[in-house]
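# A look at the structure
This is what each chain is made of:
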Amino acid sequence: FFAKQREMIKHDGIIIALNEDGTALVRIVQASACAACKAKAMCASAESVEKEMRVVLLGENGKVKTENDSTQSYTTLHNPTQSYHVGDEVEVMVQQKMGWKAVVLAYLLPFFVMLAVVAVGSGIGNRISGIGEEVIGTLALCAMAVYYIVLGLFKDKLQKEFSFTARKRNSA
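Because the structure is predicted, anything quoted here is derived from the model rather than measured.

This brings us to the packing of helix α1 (residues 96–127) against helix α2 (residues 133–153). The contact between α1 and α2 brings their axes to 9 Å, and the two run at 145°. Where α1 crosses over α2, the handedness of that crossing is right-handed. Here α1 contributes Leu105, Ala106, Leu109, Pro110, Val113, Met114, Val117, Val118, Gly121 and Ser122 to the contact with α2, which in turn contributes Ile136, Leu139, Ala140, Ala143, Met144, Tyr147, Tyr148 and Leu151. Residue composition of the contact of α1 with α2, grouped by class: 16 nonpolar, two polar and no charged.

Take a look at the structure:
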């Protein structure tokens, strides 16, 4: 499992806008598993969603220098957008370990927060009369809301950490 952390999650996309800071707005089509099914024409549940995301454009050697990785020597174009154009097909990538980290932050941690509130609330509720399941459930939902609000406060930091990169697709 740990040996595969360097693997990348990849999606194909199309550049729809270029920025002078070496980033671009890319449109990707995120398809559900149903969308790739051979029987999708007969089924009403097949779906795909277009998403737009800001990505860092990679230089000619396919690498970009990051703030956290100053020990390695990377060479990038002075202005990577010069070799990219609106309409270019690109491959959008993110490290697989970042995908797992996103799952933990978005789903697992809030689940455990809710579970802890329910467990503590049930323990206290058994000792104190008048605290019913409705109150405990409401407190658990409020705890999750607080968790997501706190997570939202770290949005800028998380966006830097969860940066997507893009490189031109090989037209072979």
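That shown, we press on.
Looking at the element boundaries, Glu91 is found in strand β4 (residues 89–95). Using a relative accessible area of 18% as the deciding quantity, one classes Glu91 as buried. Beyond its immediate chain neighbours, meaning those up to four positions away, Glu91 contacts Lys10, His11, Asp12, Thr165, Ala166, Arg167 and Arg169.

What follows is about the environment of Val118. Considering the arrangement of structural elements, one finds Val118 in helix α1. Classification of Val118 by relative accessible area gives partly exposed; the value is 31%. The spatial distance from the C-alpha of Val118 to the C-alpha of Gly137 is 6.9 Å, given a sequence separation of 19 residues. Aside from chain neighbours lying at most four places away, what touches Val118 is Ile136 and Ala140.

Rules of the game
Residues numbered from 1 in each chain as written. Predicted model: local features only at pLDDT ≥ 70, side-chain atom pairs only at ≥ 80, totals over all residues. Heavy atoms only, no water. Axes fitted to C-alpha atoms, helices over the stretch in contact; angles between N-to-C directions. Helix = DSSP H or I, 4+ residues; strand = E, 2+ residues; numbered from the N terminus. Left-handed = near helix turned anticlockwise from the far one by under 90°. Contact = heavy atoms within 4.5 Å. Nonpolar A, V, L, I, M, F, W, Y, C, P; charged D, E, K, R; others polar. Buried < 20%, exposed > 50% of the residue type's maximum accessible area, 1.4 Å probe, protein only.

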